[in-house]
Amino acid sequence: MLIRAGRLIGQGAEGLNILWPAPIESERSPEGALTVRLALYQPDIPQNLGAAIRLCACFSVPLDVIEPCGFALTDRALKRAALDYGEKAVISRHDSFTAFLIAQSTRPGRLIAIETGAKNSVFGFPFQTEDVLLLGRETAGMVPEVLASAHVHLAIPMAPGLRSLNVAMAGAIALSQALSVTGALERLPLPD
C-alpha cells in the first residue's frame, strides 16, 4: 500500500485515521482518462439519483453514491432510477462517508463541496482534473463533519430570496463548469 502525505480529516471505525491525500500531479493518458468525479451524499430522491447517473454517463464521469440513501437502494431500484444509462455509467457505492473517504484516499485531488452557504462561486474557480464535486442531501444538505472534510466550498449564484437548485441541476451546472475549465468537455464528441 502506498502512503502519501495528506491532511488528517477524522477517524473512522475502530480509530482508523482517514487522510485525504495532498493534491499531486498525476500522469495523464493521451486520451485524458482522468476526469472530475461527482459524488452524492446520502441522496433522498431516486429520480435525482437517476438524473445524476444519466448526467455522469453522458459526460463519461464517475459517480460516487454515499449511503445511506433516503430510499432503499437495491440493485433493482438503481436500475429503475438509471433507466438504460446505468450500464453506461461508472458508479461506486459507499456504505458511509467514512468508507467514501477511505476509497478517495488512494486518489489524488481535492474534495469540493457544492453548497448554498459557500462564499465563492463555481464560476471562475480553477478546477483540476482530479477534483471530486460533492453534493448534499436534497432535504438537509451536508452535516458539519462532511463539510469540514472538503478542501473548498463553492456555490452556484442565483437570484436573491431563493433557497436552492434541485441537486441534479446543481450537479449538472457544477460538473459542466469543472469539465469546461479542465478541458474535458472539449474532448467529448457531439451527439449523432
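Each chain carries its own residue numbering, running from 1 in the written order of its sequence. Under the rules for a predicted model, residues below a pLDDT of 70 receive no local features and side-chain atom pairs below 80 are neither given nor counted, while totals for whole chains, interfaces and linings still include all residues. With hydrogens and water set aside, each side-chain value is computed from the structure's full complement of heavy atoms.

S.K.: What is the right way to look at the pattern of salt bridges in this model?
M.R.: Pairs can form between side chains of opposite charge once their charged atoms are near each other. Salt bridge, as used here: a side-chain nitrogen of Lys or Arg that lies within 4 Å of a carboxyl oxygen of Asp or Glu. Counted by the stated rule, this structure contains four salt bridges. With its nearest N and O atoms 2.4 Å apart, the salt bridge here joins Arg137 to Asp44. Pair noted here: Arg137 is in the loop between strand 7 (132-135) and helix 4 (144-148) and Asp44 is in the loop between strand 3 (37-41) and helix 1 (46-59), with a separation of 93 residues, a long-range link. Burial classes: relative accessible area under 20% of the type maximum marks a residue as buried, over 50% as exposed, and values in between as partly exposed (1.4 Å probe, protein chains only). For Asp44, a relative accessible area of 12% corresponds to the buried category. Numbering of helices and strands starts at the N terminus; helices are DSSP runs of H or I of at least 4 residues and strands are runs of E of at least 2.

S.K.: Is there a simple way to explain the nonpolar core in this structure?
M.R.: A general trend in soluble globular proteins is that nonpolar side chains are found buried together. In this text, buried Ala, Val, Leu, Ile, Met, Phe, Trp, Tyr and Cys residues form a nonpolar core when linked through side-chain atoms within 4.5 Å. Judged by nonpolar contacts, the single largest core of 33 residues is most densely connected at Leu49, Leu63, Ile112, Ile114, Phe127, Leu133 and Leu154. Those elements giving two or more residues to this core turn out to be strand 3, helix 1, strand 4 (63-66), strand 6 (111-114), strand 7, strand 8 (152-154) and helix 5 (167-182). With near-sequence residues (within four places) excluded, Ile114 lies in contact with Val122, Leu133, Leu134, Leu135, Met142, Leu154, Ile156 and Ala174. Formed by 14 residues, the second largest nonpolar core is a distinct cluster that contains Phe100, Leu101, Val132 and Leu147. Contacts were defined at the residue level, with two residues in contact if any of their heavy atoms lie within 4.5 Å.

S.K.: Honestly, helix 1 in this entry has me stumped. Any pointers?
M.R.: Because an α-helix packs 3.6 residues into every turn, residues spaced three or four apart end up facing the same way. The span you would expect from a helix comes to 1.5 Å times its residue count less one. Helix length check: helix 1, at 14 residues, gives a terminal C-alpha distance of 20 Å against a target of 20 Å (1.5 Å per residue), a fit within 8%. Within the sequence span of helix 1, burial applies to Asn48, Leu49, Gly50, Ala52, Ile53, Leu55, Cys56 and Ala57. Just past helix 1, the residue Ser60 takes up positive phi, approximately 55°.

S.K.: Would you mind going over the environment of Asn120 with me for this structure?
M.R.: By the element assignment, Asn120 lies in the loop between strand 6 and strand 7. Through-space distance from the C-alpha of Asn120 to that of Ala155 is 6.1 Å; in sequence the pair is 35 residues apart. Setting aside residues up to four positions removed in sequence, Asn120 forms contacts with His153, Leu154 and Ala155.

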